[in-house]
Amino acid sequence: HNAKEQGVEIRRYIPAMQMKAKERLKLENDLRRALERDEFYLVYQPQVLLETEEIVGMEALLRWNHPKRGLVSPVDFIPIAEESGLIVPIGEWVLKTACQQNKTWQNAGYQPICVSINLSMRQFLQPNLAGKIDAILKDIGLDPSYVDLEITESMTLDKETAFDQLNRLKRLGVCISIDDFGTGYSSLHYLKNMPIDRLKIDRSFVSDVMEDSNNAAIVSTITSMAHHLKLKVTAEGVENKEQLHFLRQQHCHEAQGYLFSKPVKAAEFELSFLKPLLEMPS
Ligand code: C2E
Ligand code: MG
Ligand code: MG
Ligand code: MG
């Protein structure tokens, strides 16, 4: 780089950075009002048991309908919510809404399924999280075994805090999954001792499992490790039949992805995926 090139870079770089910070601040302010203005809603993506193709679960995913921008991706606003602390009230809204929806469907007489809810780092670090979730579940009257909490590997880095928190959550009777598994830094030692129920293999490994033999090896190894550790294993981001076939060969338990469905609004989920409870023969 000569000085002139650098000068150009710098002149372009600084305004862009300022704009980004301004933009971020604006989004943060809008986010601050989004709850009271009722701009959030949840979509649900089915989780399929590979052995029977039955729908045994759903992941609740947050959507923000911004009055001016339209739909904003959680990839863009969750980090802002996380840094500003707004994720705590927003996350509580997600927990309440997803649990209430699941209970409403059970009351309506559908076969019960489990709802997976993503927790953020801030939420996970709250000492009273288990108490809050307990109160929500009791208030709604939802059996905790129909709730699965998704955390990421990075949340388990502070080993002692994570162990205590996970134990408190497990005592409630909920399930715990490790989301985006394989992209973080879990040591096998932690994995062996952590009170968790399931690994969700990150989409990045699943997406080109047919083209990239390294990814195939990783998926196969995670699946087999999960079996040995007596953990359930779910593949994320399954988009085609070839991937599904491969996952079946590996005896992966469950899968989630566009092959089955994109995340959809509650009404569509009910219509497309929920089955009425069959009357038991007397
Ligand atoms: P995640 O928890 O790993 O969720 C899976 C993401 O993959 C979702 O993106 C989903 O729409 C997408 N996906 C599912 N199947 C496929 C597929 O076959 N192909 C492709 N290309 N994508 C697929 P989404 O809804 O945009 O959410 C992104 C991330 O935002 C989530 O990743 C999660 O980390 C975060 N997030 C979403 N909702 C919440 C929430 O309520 N609370 C928190 N803390 N984080 C959330
Ligand atoms: Mg997730
Ligand atoms: Mg995630
Ligand atoms: Mg994931």
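Residues numbered from 1 in each chain as written. Chains lettered and ligands numbered in written order. Predicted model: local features only at pLDDT ≥ 70, side-chain atom pairs only at ≥ 80, totals over all residues. Heavy atoms only, no water.

Draft legend 1. Highlighting the coordination of the magnesium ion (ligand 2). Taken together, the protein ligands of the magnesium ion (ligand 2) are Glu59 (OE), Asn118 (OD1), Glu150 (OE) and Asp179 (OD), with distances of 1.9 to 2.3 Å. When the donors of the magnesium ion (ligand 2) are listed by position in the chain, the intervening gaps give E-x58-N-x31-E-x28-D. In this structure the magnesium ion (ligand 3) is found 3.9 Å away from the magnesium ion (ligand 2), and Asp179 serves as a bridging donor for the pair. Residue Asn118 is located in strand β4 (residues 114–118), and its partner Asp179 is located in strand β6 (residues 175–181); the two are separated by 61 residues in the primary sequence. For Asn118, a relative accessible area of 28% corresponds to the partly exposed category. (Donors = N, O, S within 2.8 Å, 3.2 Å for Na, K, Ca; no water. Helix = DSSP H or I, 4+ residues; strand = E, 2+ residues; numbered from the N terminus. Buried < 20%, exposed > 50% of the residue type's maximum accessible area, 1.4 Å probe, protein only.)

Draft legend 2. Structural view of the packing of helix α3 (residues 87–107) against helix α5 (residues 129–140). As a packed pair, α3 and α5 sit with axes 10 Å apart at the nearest point and diverge in direction by 30 degrees. In terms of orientation, α3 and α5 fall into the roughly parallel class. Viewed along their axes, α3 and α5 form a crossing whose handedness is right-handed. Two secondary-structure elements touch here, α3 through Val88, Glu92, Leu95, Lys96, Cys99, Gln100 and Lys103 and α5 through Lys132, Ile133, Ile136, Leu137 and Ile140. In terms of residue class, the contact of α3 with α5 is made up of seven nonpolar, one polar and four charged. (Axes fitted to C-alpha atoms, helices over the stretch in contact; angles between N-to-C directions. Parallel < 35°, antiparallel > 145°, perpendicular 65-115°, else oblique. Left-handed = near helix turned anticlockwise from the far one by under 90°. Contact = heavy atoms within 4.5 Å. Nonpolar A, V, L, I, M, F, W, Y, C, P; charged D, E, K, R; others polar.)

Draft legend 3. Examining the packing of aromatic side chains more closely. Counted by the stated rule, this structure contains eight aromatic pairs. Ring geometry for Trp105 and Phe269: centres 5.6 Å apart, planes at 25 degrees, overall stacked. Taken together, the residues span a long stretch of sequence, with Trp105 in helix α3 and Phe269 in helix α11 (residues 266–273) at a distance of 164 residues. The pair Trp105 / Phe269 is uniform in exposure class, with both members buried. Members of the aromatic cluster, each reached through a chain of ring pairs, are Phe40, Trp64, Phe77 and Trp93. The side chain of Lys262 reaches across the aromatic face of Tyr258, ending 4.8 Å from its centre. (Phe/Tyr/Trp six-rings, centres within 6.5 Å; stacked < 30°, edge-to-face > 60°. Lys NZ or Arg CZ within 6 Å of the ring centre and 35° of its normal.)

Draft legend 4. Structural view of the environment of Met155. Structurally, Met155 is set in the loop between β5 (147–152) and α6 (159–172). Residue classification places Met155 among the buried positions, given a relative accessible area of 6%. C-alpha separation for the pair Met155 and Gly184, spaced 29 residues apart in sequence, amounts to 9.5 Å. The residues contacting Met155, other than those within four sequence positions of it, are Leu119, Ser120, Met121, Phe124 and Ala162.

Draft legend 5. Region of the structure containing the pattern of salt bridges. One pass over the structure, following the stated rule, counts 13 salt bridges. Between Lys138 and Asp134 there is a salt bridge; the shortest N-O distance is 2.9 Å. With a gap of four residues between them, Lys138 and Asp134 both fall in helix α5, about one helical turn apart. You can call Asp134 partly exposed: its relative accessible area is 26%. Taken together, the salt bridges that share partners define one network made up of Asp148, Arg198, Lys232 and Glu254. (Salt bridge = Lys/Arg side-chain N within 4 Å of Asp/Glu carboxyl O.)

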